[in-house]
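The chain contents come next:
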Amino acid sequence: DQQVKQNSPSLSVQEGRISILNCDYTNSMFDYFLWYKKYPAEGPTFLISISSIKDKNEDGRFTVFLNKSAKHLSLHIVPSQPGDSAVYFCAGSARQLTFGSGTQLTVLP
Amino acid sequence: DAMVIQNPRYQVTQFGKPVTLSCSQTLNHNVMYWYQQKSSQAPKLLFHYYDKDFNNEADTPDNFQSRRPNTSFCFLDIRSPGLGDAAMYLCATSRKVGTRTDTQYFGPGTRLTVL
């Protein structure tokens, strides 16, 4: 039972353009959502989060949008940079964190 | 710098030979977690400690055990590793404030190979 789904295993974007990573969830008990970034040979690092009572949170180039009625969240990176190339995991928080399977973002120079 | 450290980074063991992975933290967080991540899959929570209280996930195999002798250290023991236990093992920490746990901070992981 996948409570958090990232349906795109990979995404390629040109440097300077917008990257949009999507995530769907089924658990209505999630009260917080987080995005983590993972480089090869490193652990995931926290990127940005959003409370379920909000629909948008912004931090520099990164914005997370939450659509509760659709049970959907997305991460926007503008402008994308080659250093953003990594695997991005979304996670929902209820009792514990439940992760999606990740999306490999490649930003092409 | 405050951090989460995992040793070793790479571990090779033989089928059925017990192995221990270690995690230490300098963040002074009261919650420590162990996750298993197989290739192209989501990290899967095995168990966590809230201080000394051990919490096992329902589907964590009995083959997996954990010890937390103090706030800073946590160990993952795999009693009889099978080929299916080959994976990346991630340790994470967080603070628990009231009923909420804060953001989790991850170590770099230990890649386990079972021959």
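Everything quoted here is computed from the prediction, not taken from an experiment.

**Side note on the interface of chain A and chain B**
(1) Moving on: Each partner contributes to the interface: chain A provides 18 residues, whereas chain B provides 19 residues.
(2) Moving on: Summing the contributions of chain A and of chain B, the shared interface buries around 1,400 Å²; its carbon and sulfur component is 54%.
(3) Moving on: On the chain A side of the interface with chain B, the three residues burying the most area are Pro44, Gln96 and Phe99 of chain A, jointly 34% of the side's total.
(4) Moving on: If you look at where chain A meets chain B, you find zero salt bridges.
(5) Moving on: Inspection of the region where chain A meets chain B yields three residue pairs in polar contact (both at pLDDT 80 or more).
(6) Moving on: At four residues, strand β4 (residues 32-38) of chain A tops the list of elements feeding residues into the side of chain A that touches chain B.

**Focus: the sheet that holds strand β8 (residues 72-77) of chain A**
Working definition: the strands of a sheet are paired by backbone hydrogen bonds and lie parallel or antiparallel to each other.
All names here are of chain A.
(1) Moving on: Spatially, five strands are ordered β1-β3-β8-β7-β6 in an open sheet, and the strand pairing comes out antiparallel. The open sheet terminates on both sides in strands that have one partner only, identified here as β1 (4-5) and β6 (56-59).
(2) Moving on: The sheet contact formed by β6 and strand β7 (residues 62-67) spans four bridges and is antiparallel. Residue pairing for β7: Asp59 is matched across the bridge by Phe62.

**Here we look at the environment of Asp51 of chain B**
(1) Moving on: Position of Asp51 of chain B relative to the elements: it lies in the loop between β5 (44-50) and β6 (53-56).
(2) Moving on: Separated by 19 residues in the primary sequence, Asp51 of chain B and Met32 of chain B have C-alpha atoms spaced 8.1 Å apart.

**Digging into the layout of surface pockets**
(1) Moving on: Of the volumes computed, that of the largest pocket is approximately 620 Å³.
(2) Moving on: Looking at the largest pocket, it is lined by 26 residues, and the ones nearest its centre are Gln3 and Thr98 of chain A together with Pro43, Lys44 and Leu45 of chain B.
(3) Moving on: Contributions of two or more residues to the lining of the largest pocket are made by β10 (97-99) of chain A together with β4 (31-37) and β5 of chain B.
(4) Moving on: Partitioned by chemical class, the residues of the lining of the largest pocket number ten nonpolar, ten polar and six charged.
(5) Moving on: In this structure, the second largest pocket occupies an estimated 440 Å³ of space.
(6) Moving on: Along the wall of the second largest pocket there are 21 residues; nearest its centre are Lys38 and Val87 of chain A together with Gln37, Ser40 and Arg111 of chain B.
(7) Moving on: Counting residues per element, the lining of the second largest pocket draws most heavily on strand β9 (residues 86-93) of chain A, at three residues.
(8) Moving on: Each residue belonging to the lining of the second largest pocket can be placed in one class, and the counts come to ten nonpolar, seven polar and four charged.

Criteria and cut-off values
- Residues numbered from 1 in each chain as written.
- Chains lettered and ligands numbered in written order.
- Predicted model: local features only at pLDDT ≥ 70, side-chain atom pairs only at ≥ 80, totals over all residues.
- Heavy atoms only, no water.
- Contact = heavy atoms within 4.5 Å.
- Buried area = accessible area lost by both parts, 1.4 Å probe.
- Salt bridge = Lys/Arg side-chain N within 4 Å of Asp/Glu carboxyl O.
- Polar contact = N/O pair within 3.5 Å; in protein donor to acceptor, adjacent residues only side chain to side chain.
- Helix = DSSP H or I, 4+ residues; strand = E, 2+ residues; numbered from the N terminus.
- Pairing = 2+ DSSP bridges.
- 1 Å grid on protein atoms, 1.4 Å probe; cavity = no way out; pocket = protein on both sides within 12 Å on 5 of 7 lines; lining within 4 Å.
- Points joined across faces, edges and corners; volume = space filled by probe spheres on them.
- Nonpolar A, V, L, I, M, F, W, Y, C, P; charged D, E, K, R; others polar.

Remember, this is a structural readout, not a statement about activity or role.
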